[in-house]
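# Close look at the chain arrangement
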Amino acid sequence: MATLTDVQPIPKLDPFKGVKKLPLEEFFTSGHRTCQGCESALVMKMMAKAAGPRTIVLGSTGCMYVANTTYYSTSWVIPWMHTQLGSSGSAALGTSAALKALMRKGKMKNEPINVIAFCGDGGGADMGLSAISATLTHPDYNCLILMYDNESYANTDIQLSGSTPYGAHTTFSPPGKMKRIMHHRWKKNMAGMLAAGHPTCRYIATMCMSYALQGMNCVRKALSIGGPTFIHSLDPCPKGWDYDPYLSHEMGELAVTTGVWPLYEVEEGVVKLYGKTKEIAEGRYKRGQVREYLLKQGRFAHFKDEDIDYFQSKVDEMWEKWLIPGVIPFRKEVEADSPAAR
Amino acid sequence: MTQAALEIKDAETTALITGSEAIAVACKLADVDVITAYPIRPYDTVMQYVAKLVANGELDCEYIVAESEHSQFEIVKHASAAGARVFCGSSGVGWMYAFEALTVTPALRIPMVAMVGNRALDDPGAFGVEHNDALAVRDLGWQLVWVDNAQEALDTALIAYRVAEDRRVFLPCAISCDGAFLTHSQALVKIPSSEKVNAFLPRYDRGDLLLHPDNPITVAPQANEDWLMEIRRQTAAAMERSYTVIREVYRDFERIFGRSYGNPFFEEYETEDADIVLVGMGTLSIPVKVAIRQMRKEGKKVGFVRMRWFRPFAAEELAKSLGRFAAVGIIDRDFSLGAPYLSGVLATEVRAAMYPSAKRPPIPGFICGLGGREVTVPDVVKMSDIVYEAADGKAQPLTQWIGLRE
């Protein structure tokens, strides 16, 4: 009998060298019913292209389930299965465990098969956090969990999630006569939290498909490094964020260039900022003001200057005070922090 | 099955093991591929035995300790969709924590086999047996079977895989073992040879429903009112077919292992000349049988019908059998608050099964042995006396709580 900790075959997926070098084949094609300008649908398409045909995708309840897989008009060319809202971690783990057992026991051809489970921010940062966390502690199963974050429960009518930005107008947090700001919580630092909390996980990254080549290469690295991995993708949502659909690409760029959405990879425990985020950190690109980003979106239309200033101060804090800007929100103890009595 | 299967040398062994251990042994014999565990008493003893089998290299499977029952059941659900034979289980509120996963498992036509170590639901806390946990899924497409001894637990686990994985069925099966009374009680169990088990239980073949790059299907898309009803009907048809498949499988079990359970759906004890019978599920069969032997010495012709399969429910067959008696008393080790006549689940279902029958004896119901409280011999005698009175035409309340502190 084989040992119980043997290694699954891992695919070799070198980074794509440029947009012109991308394969032409699509594995997520027509048939879906996502909104005009939906960036999450683009994430699905690029994710599938990056992973290739030997891939199984598990899709958690959310926009990318409900709008993507109408019976008889599926957009998935590769095998796809629904999983429950909070089950992306379990779906990835169970599928990977089955492949591993069946291949080891000679019940299935031994070959690399990618396993990707995706979830939205509601399914990932809220309900599915526990299962995702558990899966990231299992180094012996290859799988990727991709969280497409459109910053609300967009499929069910735009309700706030733990990943909705401060102050945003959602159907569960409408501005009113007494309260202008109904949502006071700061967005969860999902990738940073998972990277800090799962030291044996070999790859965790943030991405934004406004930078599609980099995004696809994140997916390829996540699938070929071995073990469970996690990617957090920020996806502008015309319906939930309330902007003209033709601006989706620009909205993603603004999230990055204003420093609201840092792009980074944590590979084998090493943090690497990449893209525009790296340029900002190295002083080669001047970080924009969050005002340019927020005021293009109807969900912040009720913001007054003080709200924008508060938002800016929190983003500044992330860049200027965090132990690792954009990644680890702790600060090192400095003289002024010491309790006086000591 | 070929004739050769019958000629395999019987390498059967006998061991003194608990109901939980018997099911762990069945997992080994069935060469299960993926098993998930999460602790809750009393079912979790099965996972302790599984863990030991894995640690000793006797069982080659992916053994995953999950972080909740919801994940526990979701992990094996997906493993099964990818072609793995799976095992899982829970008890009481743990089973309820997994409820969302339990809901989608039959709908996805996943032939999962699970053990329920029946336990009272919280609150207040109680470790003992009640059947409400397993019964909670009775409308969803789970096949539900109750066993009352360790041998039956082992045999039924093998039968469960064979029935669940039959392409005509493809529905999950939960084996209910009364907490403590069966999960923790040892008995001598005949352990069949793996050759015989292999002859009885073919490999799990998911066929064109396999989720694999060579078979790129989309599973469980958004169907809405356009198609949901047709898909639901297909699942219902599978449950209907399960009834026939169960019969076939028990016949094959007898042919290969040389042991018979008679009628698969319910066991009849001393019913041939009985005036009245009691009906119940699980290990309360033991005090009931003892009491019947005692009462028969006093001339009271009482019989017992022990329900094994609750889903599918052998309604016609049961109605035919129970119609023979002057009155029938149903012992529920469960509750169904606000149900018709305030009865338990089993009484309500048996009455429903009897309604189209020409012969409908009085059917008083009893709620008894909740939270693991012992069903005693005097309790059984008391219930029998009430059923006799009902048979004599003396009106009786349709539901009485027995063994309740006044």
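Residues numbered from 1 in each chain as written. Chains lettered and ligands numbered in written order. Predicted model: local features only at pLDDT ≥ 70, side-chain atom pairs only at ≥ 80, totals over all residues.

## Focus on the overall build of chain B
As a reminder of what qualifies: Each helix corresponds to a stretch of at least 4 residues labelled H or I by DSSP, and each strand to a stretch of at least 2 residues labelled E; elements are numbered beginning at the N terminus. In this setup the radius of gyration rests on C-alpha atoms only. A globule is expected at 2.2 Å times the number of residues raised to 0.38. With C-beta atoms placed from the backbone, a residue is labelled by how many other C-beta atoms lie within 10 Å of its own: buried for 20 or more, exposed for 12 or fewer, partly exposed between the two. Residue pairs are scored as contacts if the distance between their C-beta atoms, which are placed from the backbone, is within 7 Å.
Helix and strand counts for chain B come out as 14 helices and 16 strands. Its C-alpha atoms give chain B a radius of gyration of 21 Å, near enough to 22 Å, the size a compact globule of 406 residues would have. Here chain B holds 406 residues, and the buried ones make up 54% of them. Residue pairs at least 24 apart in sequence account for 80% of intrachain contacts in chain B once pairs closer than 6 positions are excluded.

## Thoughts on the overall build of chain A
Across its full length, chain A holds 12 helices and eight strands. The C-alpha radius of gyration of chain A comes to 20 Å, within 12% of the 20 Å expected for a compact globule of 342 residues. The C-alpha extent of chain A, read off along each of the three principal axes, is 65 × 55 × 40 Å. Taken over 342 residues, chain A has a buried fraction of 53%.

## Focus on the interface of chain B and chain A
One frequently used descriptor of interface size is the decrease in accessible area upon assembly of the parts. Under the convention used in this document: Each residue receives one of three labels: charged for Asp, Glu, Lys and Arg, nonpolar for Ala, Val, Leu, Ile, Met, Phe, Trp, Tyr, Cys and Pro, and polar for the others, Gly being one of them. Strands qualify as paired when DSSP identifies two bridges or more between them.
Listed as interface residues are 40 residues of chain B and, on the opposing side, 42 residues of chain A. Contributing elements (two or more residues each) for the side of chain B that touches chain A: strand S3 (62–65), helix H4 (69–81), helix H6 (99–107), strand S9 (218–219) and helix H10 (224–257) of chain B. Ranked by residue count, the leading element in the side of chain B that touches chain A is H4(B), at nine residues. A breakdown of the residues in the side of chain B that touches chain A according to their chemical character gives 22 nonpolar, 10 polar and eight charged. Note that strand S2 (residues 80–83) of chain A and S9(B) share two bridges and pair parallel. Bridged to Trp80(A) within S9(B) is Thr218(B).

## Things to note about the sheet that holds S2(A)
What counts, and what does not: Whenever a helix is involved, its axis is fitted only over the stretch in contact; in every case the axis is a line through C-alpha atoms, and angles between N-to-C directions fall within 0 to 180 degrees.
The nine strands lie next to each other as S8(A)-S7(A)-S5(A)-S6(A)-S4(A)-S3(A)-S1(A)-S2(A)-S9(B), forming an open sheet whose pairing is mixed. In this open sheet, the two edge strands, each paired with only one partner strand, are strand S8 (270–273) of chain A together with S9 of chain B. Sheet topology places strand S1 (residues 55–60) of chain A next to S2(A); four bridges connect them, and they run parallel. Directly across from Ser60(A), in S2(A), lies its bridge partner Thr83(A). With respect to the sheet, helix H3 (residues 88–104) of chain A is in contact with S1, S2, strand S3 (114–120), strand S4 (143–149) and strand S6 (228–234) of chain A, its orientation differing from that of S3(A) by roughly 170°.

## Thoughts on the domain arrangement of chain B
All names here are of chain B. Worth spelling out the cut-off: Note that the domain bounds were set by an automatic or database domain assignment.
Under the domain assignment used here, chain B contains domain 1 (3–257) and domain 2 (267–402). A separation of 28 Å is found between the C-alpha centroids of domain 1 and domain 2. Each partner contributes residues to the interface: domain 1 has 27 residues there, and domain 2 has 19 residues. When residues of the side of domain 1 that touches domain 2 are traced back to their parent elements, those giving at least two are helix H7 (132–135), strand S6 (143–146), strand S7 (173–178) and H10.

## Examining H3(A)
Basically, it comes down to this: To estimate the expected span of a helix, count its residues, drop one, and scale the result by 1.5 Å.
The end-to-end C-alpha separation of H3(A) is 24 Å, in line with the 24 Å expected for 17 residues at 1.5 Å each. In terms of burial, H3(A) is a largely internal element, 16 of the 17 residues being buried.

## Considering the pairing of strand S16 (residues 399–402) of chain B
Taken residue by residue, a regular strand's side chains alternate between the two faces of the sheet. For strand S15 (residues 365–368) of chain B and S16(B), the ladder comprises four bridges, and the chain directions are parallel. Its bridge partner lying in S16(B), Gly365(B) is registered against Thr399(B).

## A look at the packing of helix H1 (residues 39–51) of chain A against helix H7 (residues 212–224) of chain A
All names here are of chain A. We apply this condition: Angles are sorted into four bins: roughly parallel if under 35 degrees, roughly antiparallel if over 145, roughly perpendicular if 65 to 115, and oblique for all others. It is the rotation of the near helix from the far one that decides the hand of a crossing: anticlockwise by less than a right angle makes it left-handed, clockwise makes it right-handed.
Close contact between H1 and H7 brings their axes to 9 Å; oriented N to C, the two are set at 50°. Classified by the angle their axes make, H1 and H7 are oblique. Note on packing geometry: the crossing formed by H1 with H7 is right-handed. Judged by residue contacts, Met46, Met47, Lys49, Ala50 and Ala51 of H1 engage Ala212, Gly215, Met216, Val219, Arg220 and Leu223 from H7. Looking at the contact of H1 with H7, its residues break down into eight nonpolar, one polar and two charged.

## What about the nonpolar core?
Residues and elements named next belong to chain B. The cut-off we apply is this: Working definition: the nonpolar core is a set of buried Ala, Val, Leu, Ile, Met, Phe, Trp, Tyr and Cys residues, joined through C-beta atoms within 7 Å.
Ranked by size, the top nonpolar core spans 230 residues in total, and within it Ile23, Val50, Ile175 and Val277 carry the most contacts. In terms of residues, this core owes the most to one element, helix H8 (residues 150–164), which gives 10 residues. Here this core gathers at least three residues from each of two domains, domain 1 (3–257) and domain 2 (267–402). The contacts of Ile175, once residues within four sequence positions are left out, are Ile23, Met115, Val145, Val147, Ala153, Thr156, Ala157 and Ala160.

## What to know about the sheet that holds strand S4 (residues 86–90) of chain B
All names here are of chain B. Here seven strands make up an open sheet; going across it, the order is S3-S2-S4-S5-S7-S6-S13 and the pairing mixed. Each edge of the sheet is formed by a strand with only one pairing partner; in this case those strands are S3 and strand S13 (309–311). Going across the sheet, the axis of each strand differs from the next one's by a mean of 20°, ignoring polarity. Against the sheet, H4 makes contact with strand S2 (34–37), S3 and S4, and its axis sits at roughly 160° relative to S4, the strand it touches most.

## Structural notes on the packing of helix H2 (residues 19–29) of chain B against H8(B)
Residue and element names in this part refer to chain B. Direction vectors running N to C along H2 and H8 enclose 30°, while the axes themselves pass 8 Å from each other. One finds that H2 runs roughly parallel with respect to H8. Considering how the two elements wind past one another, H2 and H8 form a crossing that is right-handed. Here Gly19, Ala22, Ile23, Val25, Ala26 and Leu29 of H2 lie close against H8, whose contacting residues are Ala150, Ala153, Leu154, Ala157 and Leu158.

## Quick word on the environment of Val290(A)
Residues and elements named next belong to chain A. As for its position among the elements, Val290 is in helix H11 (residues 290–294). Val290 sits in the buried class, given 23 other C-beta atoms within 10 Å. Between the C-alpha atoms of Val290 and Val266, which are 24 residues apart in sequence, the distance is 25 Å.

## Here's the deal with helix H9 (residues 248–257) of chain A
Residue and element names in this part refer to chain A. Most of H9 is tucked away: seven of the 10 residues are buried. All of the buried residues along H9 are Ser248, Met251, Gly252, Leu254, Ala255, Val256 and Thr257. Of the residues flanking the end of H9, it is Gly259, one or two places downstream, whose phi is positive at about 80°.

## Things to note about unusual backbone geometry
Residues and elements named next belong to chain B. Cis geometry is found at the peptide bond from Arg41 to Pro42, where omega equals 0°. Checked against the element boundaries, Pro42 lands in the loop between S2 and helix H3 (45–55). Between Arg311 and the following residue, Pro312, the backbone shows a cis peptide bond with an omega angle of -5°. Tracing the backbone through its elements, the reader meets Pro312 in the loop between S13 and helix H12 (315–322). One non-glycine residue, Ala220, adopts positive backbone phi at about 60°. As for its position among the elements, Ala220 is in the loop between S9 and H10.

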